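Here is how the chains run, residue by residue.
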Number of protein chains: 2
Amino acid sequence: MKNFIFQSPTRIIFGKDTELEIGKETKKFAGKVLLHYGGSSIKKYGLYEKVMKSLKDEDIEVFELGGVKPNPRLNLVYEGIKICRNNNIKFILAVGGGSAIDSAKAIACGVNYKGDIWDFYTTDKKAEKVLPVGVILTIPAAGSEASNGSVITKEEGLLKKAYTDETIRPVFAILNPELTFTLPAEQTLNGISDIFAHGLERYFTNTQNVDFSDRLIEGAFKSLIKNTYIVLEKPHDYAARAEIMWIGLVMHNGLFGAGREEDWASHMIEHELSAIYDIAHGAGLSIVFPAWMRYVYKHDINRFAQFAIRVFGAETYFNDMEKTALEGIKRLKNFYKEVGLPTSLGDVSIPDTLLKVMAEKSTSEGPLGHFVKLETKDVLNILKIAMN
Amino acid sequence: MKNFIFQSPTRIIFGKDTELEIGKETKKFAGKVLLHYGGSSIKKYGLYEKVMKSLKDEDIEVFELGGVKPNPRLNLVYEGIKICRNNNIKFILAVGGGSAIDSAKAIACGVNYKGDIWDFYTTDKKAEKVLPVGVILTIPAAGSEASNGSVITKEEGLLKKAYTDETIRPVFAILNPELTFTLPAEQTLNGISDIFAHGLERYFTNTQNVDFSDRLIEGAFKSLIKNTYIVLEKPHDYAARAEIMWIGLVMHNGLFGAGREEDWASHMIEHELSAIYDIAHGAGLSIVFPAWMRYVYKHDINRFAQFAIRVFGAETYFNDMEKTALEGIKRLKNFYKEVGLPTSLGDVSIPDTLLKVMAEKSTSEGPLGHFVKLETKDVLNILKIAMN
C-alpha cells in the first residue's frame, strides 16, 4: 500500500423524502443561493417545486440558472459566475446529475478568482476561496456528489478537461433513490457504466498488497451487476435503486483508491469521444474499457484473472491464467451488451475517420494512464480494437 | 436500506513516517496542547521523542498526561479536564490505542461542560463546545481514531459505558503501520478480534436489501483473516500491518453500518466481562461472539449461511441451510482458536460465579441488541454457552 491522505467530509443525507431537508441543510451555510440545474426533468416530476418550497420555508433567497447539458459547458459556468458576483451569492446548490454538480463546482471556484476559471482545468493552478456547494442528486453516475473532481467542456476546440482538488467536495449531498425511478433506461445504464468505470480505474493498479481495497471494489462490482438486472426489470424497485445510488457515491469518493496508484487512461480516451461526438460519458466508457482491457491485460495477467474469478465467478484455468484473464474481459463486455450498453464505436455510429485525431489529442500533454503508460500509437490501437 | 446520515470528516494521514507530520497537522488547530497517552511503550520505541520534536519544531506548547490504562478510567479523564482548564488548553492530542483516544475524547467533551462528564455516558445529554482531538494511532483495534464513540470505565461500581456523538470524531488521525511492528502478539490479536467484532455487530442485521454493505463487510473479514496469519508469522510485515490498520479504521468509521440496523449486544455483554475481570476487550469479544451466534442464529439462518459461505468459503448444504449456518460459526471460532484468541470464559479463567450478576447488570436499562432482543435470561444463557 502507498502512503495516502484521505478526507471525505461531505455530509450524506440518504433515503426517502430527504430532498425535503434541502432548506434546513442550506440554511446552515447561506441565506441566498444560486440554484443550478439542467433541463425540464426536475420540473416535470415535481422536484423543483419541493426544492423551492423547502428553501422558501427557510427564507432563503433563490437565484436560478438552469440549462446545464450533459458534458457541461464552460460558457454556462461563466454565466453562473457572473450571476453570483452581481448578486453577492456565496452558496451554490446543484440539483441534478454529475453535469449540474460539476458545473456548480466550477462556478464555486470562479466567483472569487480574477482570472479565467478555465485556468484550473488546464494548468496546475488551484482555486482559493471556493464557495461551498450543496447537492441534490438525481442521477447515480459521476459520483461528483461527494468527489473532489469536476469535468467541464470548452465549446471552442471541443476540449473536455478535469479539475481535481479537495476544496471542491460538496458540503452536503442529498440522495433520495425515489428521484431516480423515472430515469430512462438508457440514462440509468450510462450511469451504471460510469460507476463501474470508477471502480475499474482504481482496480487495475501496479500497487502491490492492496487486498482490502481490491475486495471492496470487487464487492461493489458484484452488487452493481446484481442490482442492474433488477432495475432494468423493475425501474421502481426502491431497494435496487438505493443500492446503485449508494454504490455510485462510494465508488468515487476516493476511499477505494486510498493507497493505490490509479489508472484513468480510459476516462481520458473517453473524454475525446464525448467531446467530439457528444455521446454520453457512460456510453463511451462501456466502449473504451473492454478495448483498453484487451490491449493491456498481459501487463498483469494474475490481476485480470482475479477480476474474472472474484467478480464474474469465472472458472479458474490453473494451467492457463491467460485464458482466465480473457474470460473476465469477455464477461464484462457480455454484461454491458446484455443490459443494453454499447460496446463498440460501431454501436454508436462513430466512424473510424477521426481515430488518429483523438489519439493525438488525448496524448497531447504526454502519455496516458499509470497501469500501462499509453503513447499516441497505443491509444490509436485501443480505439481500433473498440471499432468492433 | 434504511434512511441514514453519514459524515466522517476525519483527515486520515496514512503510511510510513507519517507521525512526523504531527506538528504541522496540530499547528492548524492550536499552539498549545494536552498530549495524552498510556504507558511506557511510546517512550520505549522512540515515538515520544519524535512527537515532541515535531511539536517543538512548530513551537507548540505541550502539557502532558500519561498513564491511560486499557479500559480507560474516569478519574484520569477528570484529571485531564482539570489540566486543560487550568492551562487554557483547547486541543487534545492522543497518542496510543483506543484507550488513549477514548480518554482524550472524554476530556475534550468535559473541558467546557460545567456538570459531570459522566453524564454524557449515562444519560441522553450531548456535549457542546467539544474540543478538537488529533490522534496518532499505535494499536489497530477500537477504530476510535475516526469513530464517533468513546468508552470509559468508572472505577466505583465497575461501570463501563459508551458515549456516541458526531462531535467527537477526531479532526485528524495519523496511522503509520510501522508503529505496530512491536506490538506483542496478544495485543495484535486482541485488536484483530475487536476489529472483527465491529464488522459482526453491523453484519447481523434485520435490515433487508443491504447487499452492497454486506459485501464490503465480507471483504473486510476476508482480508483481516488473511493478514492475521501473515502478521503472526512476520510481525514486521509492513504490507500486512498496513492492511490490518486500514481495515480497523474503515470497519468502525460508520460506513459499513450506513443504512443498516446494527446489533451491539455482544459488545454490551463484553463490557460487563472487562469491567469486572479487567480482561482485554478483544479477548472478551472472541469469547462472547461465537456464543452469541450459537444462541441467535435460528433468527436468520440464511444470513448466517451467507456468512459461512462468503467469508469462510464453507460448503453450501442446499438441503440443510442450518448445517451451513452452523459451519460458519464453527469456522469463526476455529479461526480465533487457531490464531490464539480465547474462545471460552474458561480460557481466561473466569469462573461461573458471577454470570447472573453480569447478565442482570448488562440488561439493567432494558434488553440488549437489535438483531434479537436479549432479556436477562438470554444473556445468562449466552454466558453459559461461553463457559466452554
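No experiment lies behind these values; they were computed from the predicted model shown. (Residues numbered from 1 in each chain as written. Chains lettered and ligands numbered in written order. Predicted model: local features only at pLDDT ≥ 70, side-chain atom pairs only at ≥ 80, totals over all residues.)

Peer 1: Teacher, can you tell me more about the overall build of chain A here?
Peer 2: Each helix and strand counted, chain A has 15 helices and eight strands in total. Reported as C-alpha extents along the three principal axes, the dimensions of chain A are approximately 70 × 45 × 45 Å. Counting every position in chain A, which comprises 388 residues, the buried fraction comes to 57%. (Helix = DSSP H or I, 4+ residues; strand = E, 2+ residues; numbered from the N terminus. Buried ≥ 20, exposed ≤ 12 C-beta atoms within 10 Å, placed from the backbone.)

Peer 1: Which parts of the structure should I look at to understand the interface of chain A and chain B?
Peer 2: Much of the literature gives interface size as the accessible area that the parts lose upon coming together. Across the boundary between the two partners, chain A contributes 32 residues, which contact 32 residues of chain B. Mapped by element, the contributors of at least two residues to the side of chain A that touches chain B are strand S1 (4-14), helix H8 (211-233) and helix H9 (238-250) of chain A. Looking at the side of chain A that touches chain B, the element that brings in the most residues is H8(A), giving 10 residues. Counted by class, the side of chain A that touches chain B contains 15 nonpolar, eight polar and nine charged residues. Pairing geometry for S1(A) and strand S1 (residues 4-14) of chain B, over seven bridges, is antiparallel. Paired with Ile12(A) across the two strands is Phe6(B), which belongs to S1(B). (Contact = placed C-beta atoms within 7 Å. Nonpolar A, V, L, I, M, F, W, Y, C, P; charged D, E, K, R; others polar. Pairing = 2+ DSSP bridges.)

Peer 1: Looking at this model, I keep getting lost on the pairing of S1(B). Mind explaining?
Peer 2: In summary, the side chains of a regular strand alternate between the two faces of the sheet. By the bridge criterion, four bridges tie S1(B) to strand S8 (residues 172-175) of chain B in an arrangement that is parallel. Across the sheet, residue Arg11(B) finds its bridge partner in S8(B), namely Phe172(B).

Peer 1: It is not clear to me how the environment of Ile83(A) should be interpreted in this structure. Could you clarify?
Peer 2: All names here are of chain A. Along the chain, Ile83 turns up in helix H4 (residues 74-87). Distance from Ile83 to Thr180, taken between C-alpha atoms, is 30 Å for residues 97 residues apart in sequence. Those residues in contact with Ile83 that lie beyond four places of it in its chain are Leu34, Phe63, Leu65 and Ile89.

Peer 1: What is the right way to read the packing of helix H14 (residues 355-362) of chain A against helix H15 (residues 376-385) of chain A from this model?
Peer 2: In helix packing, the relevant descriptors are the interaxial angle and the interaxial distance, both defined with respect to the helix axes. Residue and element names in this part refer to chain A. For the pair H14 and H15, interaxial distance at closest approach is 8 Å and the crossing angle is 135°. One element, H14, and the other, H15, form an angle in the oblique class. Along this stretch, H14 crosses H15, giving a crossing that reads as right-handed. Residues Leu355, Lys356, Met358, Ala359, Glu360 and Ser362 of H14 lie in contact with H15, whose contacting residues are Thr376, Val379, Leu380, Leu383 and Lys384. In terms of residue class, the contact of H14 with H15 is made up of six nonpolar, two polar and three charged. (Axes fitted to C-alpha atoms, helices over the stretch in contact; angles between N-to-C directions. Parallel < 35°, antiparallel > 145°, perpendicular 65-115°, else oblique. Left-handed = near helix turned anticlockwise from the far one by under 90°.)

Peer 1: Please explain the sheet that holds strand S4 (residues 92-96) of chain B as it appears in this structure.
Peer 2: Pairing between sheet strands relies on hydrogen bonds along the backbone, with the strands arranged either parallel or antiparallel. A sheet is described by the order of its strands in space; here 12 strands give the open sequence S3(A)-S2(A)-S4(A)-S5(A)-S8(A)-S1(A)-S1(B)-S8(B)-S5(B)-S4(B)-S2(B)-S3(B), paired in mixed fashion. Among the strands making up the open sheet, the edge pair consists of strand S3 (61-65) of chain A together with strand S3 (61-65) of chain B. Ignoring strand direction, the axes of neighbouring strands in this sheet form an average angle of 25°. With four bridges connecting them, strand S5 (residues 133-137) of chain A and strand S8 (residues 172-175) of chain A associate as parallel partners. Counterpart to Leu137(A) in the pairing with S8(A) is Leu175(A).

Peer 1: What should I look at first to understand the domain arrangement of chain A in this one?
Peer 2: Residues and elements named next belong to chain A. The domain architecture assigned to chain A consists of domain 1 (11-179) and domain 2 (183-385). Each of domain 1 and domain 2 has a C-alpha centre, and these two points are 27 Å apart. Listed per partner, the contact involves 20 residues of domain 1 and 26 residues of domain 2. Mapped by element, the contributors of at least two residues to the side of domain 1 that touches domain 2 are S1 and strand S7 (159-164). Considering only residue class, the side of domain 1 that touches domain 2 consists of 12 nonpolar, five polar and three charged. (Domains from an automatic or database assignment.)

Peer 1: Explain helix H10 (residues 265-277) of chain A to me, please; I cannot follow it from the model alone.
Peer 2: An α-helical segment advances 3.6 residues per turn. Residues three or four places apart therefore align on the same side. Residues and elements named next belong to chain A. Its 13 residues give H10 an end-to-end C-alpha distance of 19 Å, which sits within 8% of 18 Å, the value for a rise of 1.5 Å per residue. The element H10 is extensively covered by neighbouring structure, given that 11 of its 13 residues are classed as buried. Buried positions along H10 lie against strand S6 (149-154), S7, helix H7 (185-203), helix H11 (281-296), H14 and H15. Downstream of H10 by a residue or two, Asp278 has a phi angle that is positive, lying close to 50°. (Expected span 1.5 Å × (residues − 1).)

Peer 1: Would you explain the environment of Lys50(A) in this entry?
Peer 2: All names here are of chain A. Relative to the assigned elements, Lys50 resides in helix H3 (residues 47-57). Along the backbone, Lys50 and Phe6 are 44 residues apart, and their C-alpha atoms lie at a distance of 35 Å. Non-local contacts of Lys50, meaning those with residues more than four positions away in its chain, are made with Glu19 and Leu20.

Peer 1: Mind showing me how you'd approach the relation of the copies chain A and chain B here?
Peer 2: One copy of the chain maps onto the other through a rotation about an axis plus a displacement along that axis. Expressed as a screw operation, the relation of chain A to chain B combines 0.0 Å of axial shift with a rotation of 180°, fitting to an RMSD of 0.0 Å. Interpreted geometrically, this transformation is the action of a two-fold axis. By C-alpha distance to the rotation axis, the residue of chain A lying nearest is Pro9(A), at 2.0 Å. Here 100% of the contact residues of chain A are again contact residues in chain B; the copies associate through an equivalent surface. (Least-squares fit on C-alpha atoms with pLDDT ≥ 70 in both.)

Peer 1: Where do I start with the packing of helix H8 (residues 211-233) of chain B against helix H9 (residues 238-250) of chain B in this structure?
Peer 2: Residues and elements named next belong to chain B. Two numbers describe how H8 lies on H9: the axes approach to 9 Å, and their chain directions differ by 145°. In this structure, H8 meets H9 at a crossing whose hand is left-handed. Contact residues: H8 offers Ala220, Ser223, Leu224, Asn227, Ile230 and Val231, while H9 offers Ala240, Arg241, Glu243, Ile244, Ile247 and Val250. Along the lines of polarity and charge, the residues of the contact of H8 with H9 split into eight nonpolar, two polar and two charged.

Peer 1: Would you mind showing me how to read unusual backbone geometry here?
Peer 2: What you tend to see is this: most non-glycine residues have negative phi, and most peptide bonds are trans. Positive phi, close to 45°, is recorded for Leu158(A), a residue that is not glycine. Locating Leu158(A) in the fold gives a position in the loop between S6 and S7. Even without being a glycine, Asp59(B) presents a positive backbone phi close to 55°. Within the fold, Asp59(B) resides in the loop between helix H3 (47-57) and S3.

Peer 1: Mind showing me how you'd approach the nonpolar core here?
Peer 2: As a rule of thumb, nonpolar side chains are buried together in soluble globular proteins. Judged by nonpolar contacts, the single largest core of 258 residues is most densely connected at Ile92(A) and Ile92(B). The contacts of Ile92(B), once residues within four sequence positions are left out, are Val33(B), Leu34(B), His36(B), Ala104(B), Ile107(B), Ala108(B), Leu131(B) and Val133(B). (Core = buried A, V, L, I, M, F, W, Y, C linked by C-beta atoms within 7 Å.)

Peer 1: Which parts of the structure should I look at to understand helix H10 (residues 265-277) of chain B?
Peer 2: Listed as buried for H10(B) are Ala265(B), Ser266(B), His267(B), Met268(B), Ile269(B), Glu270(B), His271(B), Glu272(B), Leu273(B), Ser274(B) and Ala275(B). Looking at the buried side of H10(B), the elements it contacts are strand S6 (149-154), strand S7 (159-164), helix H7 (185-203), helix H11 (281-296), helix H14 (355-362) and helix H15 (376-385) of chain B.

Peer 1: How do you make sense of the confidence of the model for chain A when you look at a structure like this?
Peer 2: Detailed reading of the predicted model is not advised wherever pLDDT is low. Confidence in the prediction for chain A averages 97 pLDDT; 100% of positions are at 70 or higher. Reported confidence for the predicted complex is 0.96 by ipTM and 0.97 by pTM. (pLDDT = per-residue confidence, 0-100.)

Peer 1: Looking at this structure, I do not really get the environment of Arg169(B). What am I missing?
Peer 2: All names here are of chain B. Turning to its location among the elements, Arg169 is positioned in the loop between S7 and S8. Using a count of 23 C-beta atoms within 10 Å as the deciding quantity, one classes Arg169 as buried. Leave out the neighbours within four places in its chain, and Arg169 touches Ser8, Pro9, Thr10, Ala146, Ser147 and Asn148.

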